[in-house]
Amino acid sequence: MLDRLEAIVGSKGLIVDPAEMEPWLTDWRGRRKGRALCVVQPATTAEVAAVVRLCAEERQPVFPVGGNTGLCYGAVPENGSDDRPGIVLSLRRMNRIRAIDRAGGVAAVDAGVVLGDLHTAALAAGRQFPLHLGSEGSAQIGGLISTNAGGTGVVRYGPMRDLVAGLEVVLPDGRVLDDMAALRKDNTGYMLRHLFIGAEGTLGIITGAALRLHPQTPNTAHAWVSVADPAAAVALLTAMQDRAGSAIQAFELVSASQFALVLRHVERIRIPFATLPAWSVMIELGSEDPTTQLDGVFEEVLGVGLEDGSVLDAVVATSQQQAEEFWHVRHSVSEANKKEGIGVVHDVAVRSADVAAFIASADMVAAERYPQATTQVVCHLGDGNVHYILMFQRDFWQTLPDGEAFALEVERAIHDVAARFSGTFSAEHGVGRKLTEELARLTDPVRYGLMLQLKQMFDPHGLMNPGSLFADRPA
């Protein structure tokens, strides 16, 4: 099979040396490691289709990997068998920005394009692609679509699903679905592309995408606000919505315990307050109109909050450099947490109005059941997505007989809190191999059954990223 793969992708597109394969087999945090026959790196959609057809013929699983920045082990090739370990499929050689349509507001790209490179190309064309997250220097478009990534801009622009105008997908039998027309209006039956967004590579391999671009917002304003508690933050969100509406581009809530870890572990961190706020709200406003007085909006809303006591203190950035310093702190969270210990990170979402009550309930559960942990909160408050983190020291973690089983126990406890608020256990990180049991446990049975039927219809032999979403092996 290796000879046939090399005939398709060439020697530059095939990695078989175990030492060279190592980074492709291991979770970026080093927590889990898989195995594979080889790493295949096609350069075109036609090559991807030929590789997938060959794997279907040989009954070899296909494990797609993007930038390997996920948190749920969706790119770790674990579910092959001894005789059919499968291949890792990387599209990093498919990194071409095919076209940018300014009038239509669409960028057509290969799935291997890195998010940061798309940002650069969009800006050069006088537009922006408004998905922003901490891993944008390595995360690839295909992986972001496959996990329906979120980030800080969802409050205004929506998650990745809302930014996808079309897809090109190689199906499990090697056929290519071309849905790249990117029409604003197309009422011709099922929008099949939505099946592949968030499917984590279990229904096919995304090779290309047509993505929605937006006008640039050169007029921005940024504020870092100190509030006493999450309830005050929700009240501030409502006030900002009343005054600024769609100009809100980011509205983040972060606990002091989280930013304390950033101060401890990350260099070049500047906090604009004498002491860390108990709760920080970080807000970005943006407008396409350069004459809009966004700082005036902050002065008005925050002024009222300072007067009535709902806002304890606030700093509005006076320069782009200071704004970048604000967001550097926010985007250093993952780096800090990786250095601190073993974090059990929850990716729940509830309605924004329920965030304060959810955090209070989760705190009670964490304090009662896991006193060994500290808790950190990083919340996209504008869309209700709460990353509730229980941080355990490595010395404690090493005493556990089964760390994964313990982590699942912790996750179940916090997920059950979210369920009480009709929330979800996976808002933007996906399910991967980490949360397959939770998907089966917490999903409406009818919905779960329909998903299984779709999987069987598209991929009857279970070769497409087996073990992700559903705990299955190839048939």
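Structure: above.
A brief report on the enclosed structure follows.

Reading guide: rules and limits
Residues numbered from 1 in each chain as written. Predicted model: local features only at pLDDT ≥ 70, side-chain atom pairs only at ≥ 80, totals over all residues. Heavy atoms only, no water. Helix = DSSP H or I, 4+ residues; strand = E, 2+ residues; numbered from the N terminus. Polar contact = N/O pair within 3.5 Å; in protein donor to acceptor, adjacent residues only side chain to side chain. Contact = heavy atoms within 4.5 Å. Phe/Tyr/Trp six-rings, centres within 6.5 Å; stacked < 30°, edge-to-face > 60°. Buried < 20%, exposed > 50% of the residue type's maximum accessible area, 1.4 Å probe, protein only. Core = buried A, V, L, I, M, F, W, Y, C linked by side-chain atoms within 4.5 Å. Expected span 1.5 Å × (residues − 1). Arc of directions from axis to C-beta. 1 Å grid on protein atoms, 1.4 Å probe; cavity = no way out; pocket = protein on both sides within 12 Å on 5 of 7 lines; lining within 4 Å. Points joined across faces, edges and corners; volume = space filled by probe spheres on them. Nonpolar A, V, L, I, M, F, W, Y, C, P; charged D, E, K, R; others polar. Salt bridge = Lys/Arg side-chain N within 4 Å of Asp/Glu carboxyl O. Pairing = 2+ DSSP bridges. Axes fitted to C-alpha atoms, helices over the stretch in contact; angles between N-to-C directions.

### Details of the side chain of Q249
Checked against the element boundaries, Q249 lands in strand 13 (residues 248-255). Within polar-contact distance, the side chain of Q249 engages the side chain of R156 at 2.9 Å. If we skip the residues at most four places from it in the chain, Q249 touches T152, G153, V155, R156, Y157, T217, T220, E284, L285 and G286.

### A closer look at the packing of aromatic side chains
Summed over the entire model, instances satisfying the criterion amount to 13 aromatic pairs. With a centroid separation of 5.4 Å and 75 degrees between ring planes, the pair formed by F392 and F406 is classed as edge-to-face. Linking F392 in strand 18 (residues 385-392) with F406 in helix 16 (residues 403-420), this pair joins segments that are 14 residues apart in sequence. An angle of 65 degrees between the planes, with centres 5.9 Å apart, marks the rings of F396 and F406 as edge-to-face. Linking F396 in helix 15 (residues 394-398) with F406 in helix 16, this pair joins segments that are 10 residues apart in sequence. The partly exposed category is assigned to F396, whose relative accessible area is 23%. Here F406 falls in the buried class, since its relative accessible area comes to 13%. Aromatic rings pair up to connect Y370, F392, F396, W397 and F406 into one cluster.

### Regarding the nonpolar core
The biggest cluster of nonpolar side chains holds 53 residues, and the ones touching the most others in it are L236, M240 and F358. Setting aside anything within four residues of it in sequence, one finds L236 in contact with V225, F251, V281, I283, V301, L302 and V311. L14, V62, L131 and L211 belong to the second largest nonpolar core, which has 50 residues in total.

### Observations concerning helix 16
The end-to-end C-alpha distance of helix 16 is 26 Å, a good match for the 26 Å that 18 residues give at a rise of 1.5 Å each. All buried positions along helix 16 are accounted for by G403, F406, A407, L408, V410, E411, A413, I414, H415, V417 and A418. Considering only its buried residues, helix 16 is in contact with strand 16 (342-349), helix 14 (355-369), strand 18, helix 15 and helix 17 (436-442). For helix 16, the capping residue at the N-terminal end is D402, with a side-chain oxygen 3.2 Å from the backbone nitrogen of E404. Directly after helix 16, the chain includes S422, whose backbone phi takes a positive value near 60 degrees.

### Structural notes on the environment of V164
Along the chain, V164 falls in strand 8 (residues 164-170). On the accessibility criterion, V164 (5% relative accessible area) is buried. Along the chain, V164 and V106 lie 58 residues apart, while their C-alpha atoms are 9.2 Å from each other.

### A look at helix 10 (residues 256-265)
When we look at burial in helix 10, the residues that qualify are Q258, F259, L261 and V262. Each buried residue of helix 10 sits inside an arc of 150 degrees when the element is viewed along its axis, so together they form one side.

### Remarks on unusual backbone geometry
Positive phi, normally seen in glycine, also occurs at N68, with a value near 55 degrees. With respect to the helices, strands and loops of the structure, N68 is situated in the loop between strand 3 (62-65) and strand 4 (87-90).

### Let's talk about empty space enclosed by the protein
Any space left empty among the atoms is revealed by the rolling of a water-sized probe across them. Per the stated rule, a full pass over the model turns up 1 cavity of 30 Å³ or more. The computed volume of the largest cavity comes to approximately 70 Å³. Around the largest cavity sit L71, C72, V345, H346, D347, E411, H415, F425, H429, G430, K434 and L435, which together line it. Among the elements of the structure, strand 16 and helix 16 are those that each provide at least two residues to the lining of the largest cavity. Considering every element that reaches the lining of the largest cavity, the biggest residue donor is strand 16, with 3 residues. Classifying every residue of the lining of the largest cavity by side-chain character gives 5 nonpolar, 4 polar and 3 charged.

### Focus on the pattern of salt bridges
This model, assessed by the stated rule, comprises 23 salt bridges. Residue D179 pairs with R193 through a salt bridge whose shortest N-O separation is 3.5 Å. Within this pair, whereas D179 is found in strand 9 (residues 176-179), its partner R193 is found in helix 8 (residues 193-196), the two being separated by 14 residues in sequence. Residue classification places R193 among the buried positions, given a relative accessible area of 10%. Several salt bridges converge on common partners, so that one network encompasses R412, D416, E437, E438 and R441.

### Some words on the side chain of R32
Examined against the element boundaries, R32 turns out to sit in the loop between helix 2 (18-25) and strand 2 (38-40). A polar atom in the side chain of R32 sits 3.5 Å from the side chain of E404. If sequence neighbours within four positions are ignored, R32 has contacts with L25, T26, D27, Y73, V76, E78, E404, R433 and K434.

### A word on the environment of G430
Relative to the helices and strands, G430 resides in the loop between helix 16 and helix 17. On the basis of relative accessibility, which here comes to 9%, the residue G430 falls in the buried class. Taking C-alpha positions, G430 is 15 Å from L408, a pair spaced 22 residues apart along the chain. Residues within four places of G430 in sequence aside, it is in contact with C72, E200, D347 and L435.

### Some details on the sheet that holds strand 8
Spatially, the 5 strands line up as an open sheet ordered 5-6-10-8-9, and their pairing is antiparallel. Strand pairing shows two members of the sheet lacking a second neighbour, strand 5 (97-101) and strand 9, which therefore form its edges. Neighbour-to-neighbour, the strand axes of the sheet open up by a mean angle of 10 degrees, direction not taken into account. In this sheet, strand 6 (residues 106-110) lies alongside strand 5 in antiparallel orientation, the contact comprising 4 bridges. Counted as the bridge partner of I97 is V109 from strand 6. Against the sheet, helix 3 (residues 45-58) makes contact with strand 5, strand 8, strand 9 and strand 10 (205-212), and its axis sits at roughly 45 degrees relative to strand 8, the strand it touches most. Each of strand 5, strand 6 and strand 10 touches helix 4 (residues 115-124); the most contacted strand, strand 5, lies at about 40 degrees to it.

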